[in-house]
Amino acid sequence: MPAHVSISVSGPFPIRIVRKGNLSFRASSTVDEHQSRSVKYDSLRILEWDKLCDSVASFARTSVGRQATKAQLWSLDQTFEDSLRLLDETNAAILMHNHGSFNLDLTAVDLALVESGIKRAQRGLHMESNEAMAILSLLQFVEGLQLNLKAAIREDADWYKRFMPLSGSIMQLVVNRVLVKLIQQVIGEDGSVKDSASPALKKARNQVQILERKLYQLMESLIRNEADDAALLEVSNVDGRWCIRSGADRQTSFKGLLMSSGSGIGSIAEPLIAVPLNDELQQARALVAKVEADVLLMLTEKVQMDLDDIEKIFISLTQLDVINARATYSLSFGGTCPRIFLPDEKEGSLMAESHGSRKKTLNASYPKREWIFYLPNAYHPLLLQQHRKKMQNVGQGLRNATAEIVEKKIQVENVAIKGGKEPDLSSSQLQVSALEHASPVPVDFFIAQKTRVLVITGPNTGGKTICLKTVGLASMMAKSGLHVLSSESAQIPWFDSIFADIGDDQSLSQSLSTFSGHLKQISDIRSQSTGQSLVLLDEVGAGTNPLEGAALGMSILESFAESGSLLTIATTHHGELKALKYRKEFNHIKMMIIVNALFQPKTLNEWKAGFNHHLALAFIKKIVPAWLIIKITFLTVMKPLKMLVWSLTKRS
């Protein structure tokens, strides 16, 4: 028996059955890995990363590029070096755009047809003519790109380094000029095989034209012979055979084969005298198709000789479309290139690595060394996109109304058409003015080096959740090679994962209440997060008794601060969590009041001791250890007791 047997089963988890001796079997699966990815994907969806990916992908010029853009942005396996490379690519593409001599728009290249042509060639099948034309467009695009790059380098040799790594990958592509000329000789601009591609093809096509001319003349002659009904007859074509259509159920003088009329009105007949010519025409057309296939097979064989180079060009241009989408998005929304770094755990200094170089400290290139997270005037990308779309729609309406007024003024000298109503521009102008004054508000995040937890407080509808999402999206954008929508270059640590618990996590399918849903999500996050992760928690400790919720939130933040994440940002309304920064044991937790608000004093009217089942649930979910549950219980019982004693003493 073999040592192990691999069995493929349906479902997401591959199973391997291992046989030891004759009795024991052991099965293992990738459930843990699947769960880890599930938590990460869920967190990104909570941040609406999928919507941002769709927005960036819309800037790609090909369908293949749009799919590749989404795949790259959703990748969870990127390393720090990968992120640096992605940013280098985006910066190089932006430089090419600003240079003005480069065309990175791949609209004219149908990458989907190129891909299908490559697959046909790999299987030994002849390509279609439109696939050959797509490959020609691919090769010509690379030629033009290389010529423009060489011209720029001739003007200034430093452009080669500035455009790296794109300049290196572009110049490495090999284009066979002989193949380009061959495709141009064989395939016409309309995508059809040229007559000049083969003498046999030209002869066969001439034969088809002769037969079609004979058949047309024959049909016209038959129609003229029907003197009374000539106006009701017309030449028709059914499945490539020449026939005569009759508009009424009238008997004709010629004999023929009745064909289906399709519509059921009138009749279509193939005259018996035309049957031999139609048969000969069908044979001639079949010969044309065969000769065209022979020509395309010859062309495919030539392509197969350069198939490796063409595949490399296809992959490179697909990647170029992805890079151009990132660059165009950044230019469109006014993004700035972020500085990503890896915190040095030993010395506490910031470490970065530029593409192709060794690690170096940020003393010279990173002036904001006192901050572990520096995000000035950052916009939420989806809010900015939504506002811009509204402005465009209202602006378009205003332009349409203005054009209508101008058109009416041209038509009538007295400005308005008599009896007509002139369009009112005031409402559109008011909408534009209102939108201009309601633009998204940017946020600033400056988090000190030793801070591990930031607690944000403020009134409802004050923007706390938007702040969390802005930080999460900005971090993911920087990691994925996108520019961050901030007023100046942001300084963001490279996070291996970004986790979020935001919104209502109630799940009826799993029989989870809102509180239980949050506990489960936080438990999953805590089990997957590392010392290099970013954790975002909205309304931590909410959904239960305020005192117990505050104690639970305190323990959760302490757990993440000790070893659960590189940085945790949480929002809260709990007064106890707001006061954490004043306690020595929580000196790594900082407080941020996002909006100033007036807090009215509250009177303690009623207090009842008790142990809430939510704490037991938290213990079962393994969010906090047993000793911390005891601590929470002490806090939730002793503190209210002290407050009650103090209140009674004061009243007496």
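Just above, that's the structure.
Reading the values: rules and limits
Residues numbered from 1 in each chain as written. Predicted model: local features only at pLDDT ≥ 70, side-chain atom pairs only at ≥ 80, totals over all residues. Heavy atoms only, no water. Pairing = 2+ DSSP bridges. Helix = DSSP H or I, 4+ residues; strand = E, 2+ residues; numbered from the N terminus. Axes fitted to C-alpha atoms, helices over the stretch in contact; angles between N-to-C directions. Contact = heavy atoms within 4.5 Å. Salt bridge = Lys/Arg side-chain N within 4 Å of Asp/Glu carboxyl O. Buried < 20%, exposed > 50% of the residue type's maximum accessible area, 1.4 Å probe, protein only. 1 Å grid on protein atoms, 1.4 Å probe; cavity = no way out; pocket = protein on both sides within 12 Å on 5 of 7 lines; lining within 4 Å. Points joined across faces, edges and corners; volume = space filled by probe spheres on them. Nonpolar A, V, L, I, M, F, W, Y, C, P; charged D, E, K, R; others polar. Polar contact = N/O pair within 3.5 Å; in protein donor to acceptor, adjacent residues only side chain to side chain. Core = buried A, V, L, I, M, F, W, Y, C linked by side-chain atoms within 4.5 Å. Phe/Tyr/Trp six-rings, centres within 6.5 Å; stacked < 30°, edge-to-face > 60°. Expected span 1.5 Å × (residues − 1). Lys, Arg positive; Asp, Glu negative; His and termini not counted.

Enquirer: Got a minute to help me understand the sheet that holds strand β5 (residues 241-246) in this structure?
Expert: Strand pairs in the sheet, formed through backbone hydrogen bonds, run parallel or antiparallel to each other. Judged by pairing direction, the sheet is antiparallel, and its 4 strands sit side by side in the order β4-β5-β7-β6 without closing on themselves. With partners counted over all chains shown, the strands left at the sheet margins are β4 (233-238) and β6 (256-259), one partner each. With strand direction ignored, the average angle separating the axes of adjacent strands in the sheet is 40°. Both β5 and strand β7 (residues 267-271) contribute to a ladder of 3 bridges, which runs antiparallel. Counterpart to Ile244 in the pairing with β7 is Ala269. Strands β4, β5 and β7 of the sheet are contacted by helix α10 (residues 199-225), whose axis makes an angle of about 20° with β5. Of the strands in this sheet, β4, β5, β6 and β7 are in contact with helix α11 (residues 275-305), which crosses β5 at around 135°.

Enquirer: Before we go on, may I ask you to explain the pattern of salt bridges in this structure?
Expert: Two side chains bearing opposite charge may form a pair once their charged atoms approach each other closely. Counted by the stated rule, this structure contains 19 salt bridges. Between Arg85 and Glu89 there is a salt bridge whose closest N-O contact spans 3.1 Å. Of this pair, Arg85 and Glu89 both sit in helix α4 (residues 80-99), 4 residues apart, which is roughly one turn of that helix. Exposure remark for Arg85: the relative accessible area of 27% places this residue in the partly exposed category. By relative accessible area, Glu89 is classed as buried at 8%. Sharing partners across several salt bridges, the network here consists of Asp82, Arg85, Glu89 and Arg326.

Enquirer: What should I look at first to understand empty space enclosed by the protein in this one?
Expert: Leftover empty space is mapped by rolling, across the atoms, a probe with the size of a water molecule. This model, assessed by the stated rule, comprises 3 cavities of 30 Å³ or more. What the largest cavity holds in volume is close to 70 Å³. Lys40, Leu44, Leu76, Met476, Lys479, Asp496, Ser497 and Ile498 are the residues that line the largest cavity. Those elements giving two or more residues to the lining of the largest cavity turn out to be α1 (31-46) and α15 (464-479). In terms of residue class, the lining of the largest cavity is made up of 4 nonpolar, 1 polar and 3 charged.

Enquirer: Explain the side chain of Ser198 here, please?
Expert: With respect to the secondary-structure elements, Ser198 resides in the loop between α9 (177-186) and α10. Within the structure, the side chain of Ser198 is placed 3.3 Å from the backbone nitrogen of Ala200, a separation counted as a polar contact. With residues up to four places along the chain from it excluded, the contact list for Ser198 reads Val291 and Val295.

Enquirer: Help me understand the environment of Ile210, please; the structure alone is not making it clear to me.
Expert: Mapped onto the elements, Ile210 comes out in helix α10. Remark: the alpha-carbon pair of Ile210 and Leu281, spanning 71 residues in sequence, is separated by 9.2 Å.

Enquirer: Looking at this structure, how should I read the nonpolar core?
Expert: Ranked by size, the top nonpolar core spans 70 residues in total, and within it Ile135, Leu138, Leu166, Ile187, Leu299, Ile313 and Leu317 carry the most contacts. Here this core gets 12 residues from one element, more than from any other, and that element is helix α6 (residues 129-155). Setting aside its immediate chain neighbours within four residues, Leu138 contacts Val109, Leu111, Val114, Ile310, Ile313, Phe314 and Leu317. Membership of the second largest hydrophobic core comes to 55 residues, among which are Leu44, Trp49, Val471 and Leu567.

Enquirer: How should I be thinking about the packing of aromatic side chains in this particular structure?
Expert: Pairs of aromatic rings are described using the distance from one ring centre to the other and the angle between the two planes. Under the defined criterion, the tally for this structure stands at 9 aromatic pairs. Measuring from ring centre to ring centre gives 5.7 Å for Tyr41 and Trp74, while their planes differ by 50°; the resulting arrangement is tilted. Of the two residues, Tyr41 sits in helix α1 while Trp74 sits in the loop between α3 (63-73) and α4, which places them 33 residues apart along the sequence. Where Tyr374 meets Phe446, the ring centres are 4.8 Å apart and the plane angle is 20°; that geometry is what we call stacked.

Enquirer: Can you walk me through α10 in this structure?
Expert: For an α-helix, 3.6 residues make a turn, and residues three or four places apart therefore share a direction. Between the first and last C-alpha of α10 there are 40 Å, a value that for 27 residues agrees with the 39 Å anticipated at 1.5 Å per step. Residues of α10 that are buried include every one of Leu201, Ala204, Arg205, Val208, Leu211, Leu215, Leu218, Met219, Leu222 and Ile223, and no others. Summarising the contacts, the buried residues of α10 are in contact with β4, β5, β7 and α11. The opening residue of α10 is Ser198, an N-cap whose side-chain oxygen sits 3.3 Å from the backbone nitrogen of Ala200.

Enquirer: Please clarify how the side chain of Asp538 should be interpreted in this entry.
Expert: Take Asp538: it is sitting in the loop between β16 (534-537) and α17 (546-564). The buried charged residue Asp538 lacks any salt bridge, with Lys464 as its nearest oppositely charged partner at 6.6 Å. A distance of 2.6 Å separates a polar atom in the side chain of Asp538 from a polar atom in the side chain of Thr571. Apart from residues lying up to four places away in sequence, Asp538 is in contact with Thr465, Leu468, Asp501, Ile502, Gly503 and Thr571.

Enquirer: Just to check I follow, could you spell out unusual backbone geometry for this structure?
Expert: Most peptide bonds are trans, and most residues other than glycine sit at a negative phi. For the peptide bond that leads from Met164 to Pro165, omega is 5°, which places it in the cis range. Relative to the helices and strands, Pro165 resides in the loop between α7 (159-162) and α8 (166-171). Even without a glycine there, the phi angle at Asp239 is positive, about 55°. Tracing the backbone through its elements, the reader meets Asp239 in the loop between β4 and β5. For Asp239, a relative accessible area of 69% translates into the label exposed.

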